[in-house]
Amino acid sequence: MKTVQERAGSQVLRISGLCKSFGGLNVLSNFELEIPHAEDMAVAVLGQNGAGKTTLVNLITRILPVDAGTIEVYGNDVLSLPARALAPMGVGRTFQTPRLLLDDTVLDNVLLGSVAQGNWHGQARRKLLADAQEALEAVSLADQAGRAIRSLPFGSRKLVELARALIGHPRVLLLDEPAAGLSQVEEEHLAEVLVRLRASGMTLLLIEHRMMLVKAVAQRVVMMASGKVVFDGTVAEALDSSVVKEGYLGTQVAG
Ligand SMILES: Nc1ncnc2c1ncn2[C@@H]1O[C@H](COP(=O)(O)OP(=O)(O)OP(=O)(O)O)[C@@H](O)[C@H]1O
Ligand SMILES: [Mg+2]
């Protein structure tokens, strides 16, 4: 029989009764979501613009305070912890708009990810460089390490943003619209990268409008509307769901 600790640890994420409003705008109201640990798992989160997807990530990562509810990551009550405790626990995230220093190199921007995650102190420079190199290899950008961000196309900048999250060796990665603004070729490349990460055992929470990426990467689809989960099922079920189709006005799901 499993102990309570082991059961809790088998959940990557457990969100219960989560509420968040901005002024009079209720963005999340009694939002519930559980992601059990499973090898090779990606969960896509769909929802119209303004549905609260980024807010959800900002609440999980403690950038925003919650109004009510609980959030557990690997059985830990993250609401009792500061934001800096998340990365050591194995939580990584990317931002919807890449937060990069345009005049600095790809490598320096990835290394800065380590500073942002609080991992800089006490780590040997050689180890950090090796981690940055590994993160860049994971997104196929190792040969661009010395280039300034400003000289890179937007698609590559999004990959640097991803590499910046990977330097912390996350066990669960929260991706906020990684394909937004990418060309189809870039999106296909991103899909390959994410499938590889998933296959390496990383759990992905993929916020995304682009259904090609969702279909290529995710096994489970959750749709948010009116502050709640209004659909939760497999990708095939999502593509067949009137709730999902209506949520996307029948346009993006078909694509
Ligand atoms: N810090 C904030 N202060 C006030 N309102 C906010 C704040 N952050 C988000 N909102 C509002 O909360 C709602 C949800 O925003 P959020 O960014 O979470 O949506 P989203 O689902 O990520 O949308 P998109 O698909 O456009 O990225 C929106 O109406 C937004 O304007
Ligand atoms: Mg958003």
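Everything that follows concerns the structure shown earlier in this document.
Residues numbered from 1 in each chain as written. Chains lettered and ligands numbered in written order. Predicted model: local features only at pLDDT ≥ 70, side-chain atom pairs only at ≥ 80, totals over all residues. Heavy atoms only, no water.

**Points about the site of ligand 1**
The criterion, for reference: Any residue with a non-hydrogen atom lying within 4 Å of a molecule or strand is treated as near it. Two N or O atoms form a polar contact when they lie within 3.5 Å of each other; inside protein one atom must be a possible hydrogen donor and the other a possible acceptor, and for residues adjacent in sequence the pair counts only when both atoms belong to side chains. The accessible surface values rely on the Shrake-Rupley method and a 1.4 Å probe; as for residues, cover is taken only from the protein chains in view. Helix numbers and strand numbers start at the N terminus; a helix is a DSSP run of H or I with at least 4 residues, a strand a run of E with at least 2.
Near ligand 1, the surroundings consist of 14 residues, among which G50, K53, T54, T55 and Q96 are the closest. The separation between an oxygen atom of ligand 1 and a polar side-chain atom of K53 is 2.7 Å. Residue E177 places a side-chain N or O atom 3.2 Å away from an oxygen atom belonging to ligand 1. Surface burial for ligand 1 is 61%, taken as the share of its 640 Å² of free accessible area covered by protein chains. Taken together, the elements giving at least two residues each to the shell around ligand 1 come down to β2 (25-36) and α2 (53-60). In terms of residues, the shell around ligand 1 owes the most to one element, α2, which gives three residues.

**A word on the coordination of the magnesium ion (ligand 2)**
What counts is decided by this rule: Coordinating donors are taken to be N, O and S atoms lying within 2.8 Å of the metal, or within 3.2 Å when the metal is Na, K or Ca; because water is excluded from the atom set, some sites may appear incomplete.
Only T54 (OG1) and Q96 (OE1) from the protein coordinate the magnesium ion (ligand 2), and they sit 2.0 to 2.3 Å from it. Placement of the pair is T54 in helix α2 and Q96 in the loop between β6 (91-93) and α4 (106-116), with a sequence separation of 42 residues.

**Focus: the pattern of salt bridges**
Put simply, the test is: Between Lys or Arg on one side and Asp or Glu on the other, a salt bridge is scored when a side-chain nitrogen of the former is within 4 Å of a carboxyl oxygen of the latter. Each residue is assigned to one of three classes by its accessible area relative to the maximum for its type, calculated with a 1.4 Å probe on protein chains only: buried under 20%, partly exposed between the two thresholds, exposed over 50%.
One pass over the structure, following the stated rule, counts eight salt bridges. Ionic pairing is found between D40 and R198, a salt bridge with its closest N-O pair at 2.7 Å. Of this pair, D40 sits in the loop between β2 and β3 (42-46) while R198 sits in helix α7 (residues 184-199), and the two are 158 residues apart along the sequence. For R198, a relative accessible area of 13% puts it in the buried group. We note a salt bridge from E187 to R210, for which the minimum N-O separation is 2.5 Å. With a gap of 23 residues between them, E187 in helix α7 and R210 in the loop between β8 (203-207) and α8 (211-217) connect regions that are remote in the sequence. Judged by its relative accessible area of 25%, R210 falls in the partly exposed class. Each of the salt bridges in this network shares a partner with another, and the network as a whole consists of R14, E34 and E72.

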